[in-house]
Amino acid sequence: MVREGLIDLDKIVVDGISGTVGAGNKLDRALHQPEIHNNILFYNVVNHRHSYEMEQELSAIAGQSVHVHFTPQYVLISRGILYECCD
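Here the residue index of a chain counts from 1 through its sequence in written order. Where local features are concerned, this predicted model is filtered to residues with pLDDT of at least 70; where side-chain atom pairs are given and counted, the filter is 80 or more; whole-chain, interface and lining totals use all residues. Excluded from the side-chain calculation are hydrogens and water; included are all heavy atoms of the structure.

### Here's the deal with the overall build of the chain
We count it as follows: The helix and strand labels rest on DSSP assignments: H or I over at least four residues marks a helix, E over at least two residues marks a strand, and numbering proceeds from the N terminus. Each residue is assigned to one of three classes by its accessible area relative to the maximum for its type, calculated with a 1.4 Å probe on protein chains only: buried under 20%, partly exposed between the two thresholds, exposed over 50%. In this analysis, two residues are considered to be in contact whenever any of their non-hydrogen atoms come within 4.5 Å of each other. Only the protein chains shown count as cover for residues, and the accessible areas themselves come from Shrake-Rupley with a 1.4 Å probe.
In terms of regular secondary structure, the chain is built from 2 helices and 4 strands. Element order for the chain, N to C, with α for helix and β for strand: β-α-β-α-β-β. Scored against the burial criterion, the 87 residues of the chain give a buried share of 29%. Taking the contacts inside the chain whose residues are at least 6 apart along the sequence as the reference set, 80% of them involve residues at least 24 apart. Here the chain displays about 6200 Å² of accessible surface, and carbon together with sulfur accounts for 52% of that area.

If you want it as structure tokens, here you go:
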């Protein structure tokens, strides 16, 4: 979609949803089952380290600068990950 110019390169939004296993093995109250049950936990929304990687690769494909707004989230599933990109 980026290569073919089918999306607005200034308005790429990526929602990343990860299970709690993706949070690592550090104890964190926010990831404790009673805390996260029926909730979505947004984390590192501003300047997330993977935003730069996405921008780098998409910019190389597009041949111009691409900006990505990446919102990573934890949900109460133990395994699994879903990344959805929208324009």
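### Notes on unusual backbone geometry
The residue N47 is not glycine, and still its phi comes out positive at about 60 degrees. Take N47: it is sitting in the loop between β2 (40-42) and α2 (49-62). The class for N47 is exposed, based on a relative accessible area of 59%.

### Some thoughts on a nonpolar patch on the surface
Quick note on the threshold: The residues that make up patches have over 30% relative accessible area and no salt bridge, and they are joined within 9 Å when like-charged or within 5 Å when they are Val, Leu, Ile, Met, Phe, Trp or Tyr. Note on definitions: salt bridges are taken to be side-chain nitrogens of Lys or Arg within 4 Å of carboxyl oxygens of Asp or Glu.
On the surface, I40, F42, V45 and V46 cluster together into a nonpolar patch covering about 370 Å² of accessible area. Structurally, the position occupied by V45 is in the loop between β2 and α2. For V45, a relative accessible area of 31% gives the class partly exposed.

### Brief notes about the pairing of strand β1 (residues 12-18)
Stated formally: A pair of strands counts as paired when DSSP detects no fewer than two bridges linking them.
What you see with β1 is a clean split: I12, V14, G16 and S18 sit on the buried side and V13, D15 and I17 on the side with no burial. Pairing of β1 with strand β3 (residues 68-75), which is carried by 7 bridges, proceeds in the parallel orientation. Counterpart to V14 in the pairing with β3 is F70.

### Description of the nonpolar core
Condition: Among the buried residues, those of types Ala, Val, Leu, Ile, Met, Phe, Trp, Tyr and Cys that are joined through side-chain atoms within 4.5 Å form a nonpolar core.
Listed in full, the 9 residues of the largest apolar core are V2, I7, L9, I12, V14, L58, V66, V68 and F70. For this core, the secondary structure elements donating two or more residues are β1 and β3. The contacts of V68, once residues within four sequence positions are left out, are I12, V14, M54, E55 and L58.

### As for the confidence of the model for the chain
Under the convention used in this document: pLDDT expresses how confident the predictor is about each individual residue, on a scale running from 0 to 100.
Chain-level statistics for the chain give a pLDDT mean of 78 and a share of 67% at 70 or above. Confidence, expressed as mean pLDDT per element, reaches its minimum in the chain at strand β4 (residues 81-86) with 60 and its maximum at α2 with 91.

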